Structure formats: C-alpha cells, structure tokens
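The residues making up each chain are set out below.
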Amino acid sequence: MGRRSDALRKGDLREQALLDAAEALLAHTSLENLTVEAIAQKAGISRASLYFYFGNKHEVLAALVERTMRTIRTYADVTEQQGSVPPVEAMERAVRATEQVWREHSTVMRAAVEYAALHPVIGNAWSETVERFARTMTHVLRRAGLPDGDDPGSAQALADALCWMTERTFYRAAGAPDEDLGRASATIIEVWRKVMTA
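Reading the values: rules and limits
Residues numbered from 1 in each chain as written. Predicted model: local features only at pLDDT ≥ 70, side-chain atom pairs only at ≥ 80, totals over all residues. Heavy atoms only, no water. Axes fitted to C-alpha atoms, helices over the stretch in contact; angles between N-to-C directions. Helix = DSSP H or I, 4+ residues; strand = E, 2+ residues; numbered from the N terminus. Left-handed = near helix turned anticlockwise from the far one by under 90°. Contact = heavy atoms within 4.5 Å. Nonpolar A, V, L, I, M, F, W, Y, C, P; charged D, E, K, R; others polar. Core = buried A, V, L, I, M, F, W, Y, C linked by side-chain atoms within 4.5 Å. Buried < 20%, exposed > 50% of the residue type's maximum accessible area, 1.4 Å probe, protein only. Phe/Tyr/Trp six-rings, centres within 6.5 Å; stacked < 30°, edge-to-face > 60°. Lys NZ or Arg CZ within 6 Å of the ring centre and 35° of its normal.

Engineer: Outline the packing of helix H2 (residues 13–26) against helix H3 (residues 36–43), listing residues and values.
Structural biologist: The interhelical angle for the contact between H2 and H3, taken along N-to-C directions, is 115°, at an axis separation of 8 Å. For the element pair H2 and H3, the recorded crossing hand is right-handed. Packed against H2, whose contacting residues are Ala17, Leu18, Ala21, Ala22, Ala24 and Leu25, the element H3 presents Ala38, Ile39, Ala40, Lys42 and Ala43 at the interface. Grouping the constituent residues of the contact of H2 with H3 by class yields 10 nonpolar, no polar and one charged.

Following this line, the structure appears as structure tokens:
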C-alpha cells in the first residue's frame, strides 16, 4: 500500500483514528462520495497528515477491510484450536462469531463485498479470509464424519460452498431494512447442521 510501512502501522493511534473515522462515515456515505477531507476531519487531523498514512481513500478502505478480516481470521484460528469441542458446537460458535463481526462492522463488510471486484487488494483480503475460514471448517466437517477427497460431497467442497453461502447470506441480511442478522445466523446454522448430521 505504498506510503505505509509496517513500523508505522503497528499500534499507531492516528492511523487507527483514520480507520475508525472512515468506518463511521461509511455508515451513511458511499465510497464514491467519501472523501479524504471528510475522513481527516472526522479523525481530527489534517488532510496532509492523512496522506502520511494513506495515498487515497481506497487505501483507507483496504486497510479498514484488512483490520476487520484479521478479526474473522482470529475466530477461524480459535475454531481450529478447539479440537475437543463437538463439531456441531464448533460450527455454531464459528457462525455466531461471524455474525458478531457482521453486526459490529456491517458497513465495512458490505463495502468489502461490493468493492472486492473493483479493488484487487480488497478482493484478495476478502477471498483469503473466506478461504481461510473454509479450511478451518473443512477440519470441522471431517471431524463430523464427512469424507476427504475432492468430489462434490467431500468436506472441503462442502466447506467452500457453505462458507461462501454464509458470506452471501450475512451480506443480504446486513443490507435489509430490518437487518435481521440473528435470523440469518439461525438459518445458516441450520443448513450447516443438516449437512453435518445427514
């Protein structure tokens, strides 16, 4: 991302303030209408200072998506480490954790989906995260008795399809007028459970 170094990113309060400001603005402003001036103003810093961290608003969004994706990858890691938890329970915890991220960061999550095809950095971060979760859930499905292999009924094929289904279902729920993420989560769990206990 050009102007930003790893050293500057670690724990930098100004950068975090810029990301927080962008996330708040995205709640009622599209990316097309979002400006670096608005982000800087909301973060309480000058436009010139913003350019010290980010080259443009797309870099801000990419960093914001990456920050949110790290949270989801952490949940994937936790799920993978819970080998003693029954598979169906592990799945339910993973879906509920994903619901929580959508609930807390729905504007970022929706923006990531909507701009993934236009901005390769965002698209890659999003795809890598869903694929990371699918790898974790492949292990969960194997523990539930689904077979290895690469046929359509294998643990890996089903985990891939179910993780992308989960992403799309939460995306639609987060954009609905009544925003019923809890109901979407319950439906997703039911689909996963049917696959795991068939």
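Engineer: Please give an account of the nonpolar core that cites residues and values.
Structural biologist: By size, the foremost hydrophobic cluster in this structure holds 62 residues, and its most contacted members are Ile39, Trp102, Met137 and Trp192. When neighbours within four sequence positions are excluded, isoleucine 39 is seen to be in contact with Leu18, Ala21, Ala22, Leu25, Leu34, Leu50, Lys57 and Val60.

Engineer: Give me the lowdown on the packing of aromatic side chains, citing residues and values where you can.
Structural biologist: Per the stated rule, a full pass over the model turns up three aromatic pairs. Aromatic side chains tryptophan 102 and phenylalanine 170 sit 6.3 Å apart centroid to centroid with 25° between the ring planes, which places their arrangement in the stacked category. Of this pair, tryptophan 102 sits in helix H6 (residues 87–104) while phenylalanine 170 sits in helix H9 (residues 155–175); the two residues are 68 residues apart in sequence, bridging distant segments of the chain. Each member of the pair, tryptophan 102 together with phenylalanine 170, is buried. Site record: aromatic cluster; members linked through ring pairs are Trp102, Trp126 and Phe170. For arginine 110, the ring lying beneath its charged end belongs to tyrosine 171, and the centroid distance is 4.2 Å.

From the geometry alone we can't say anything about function, so treat these as descriptive.
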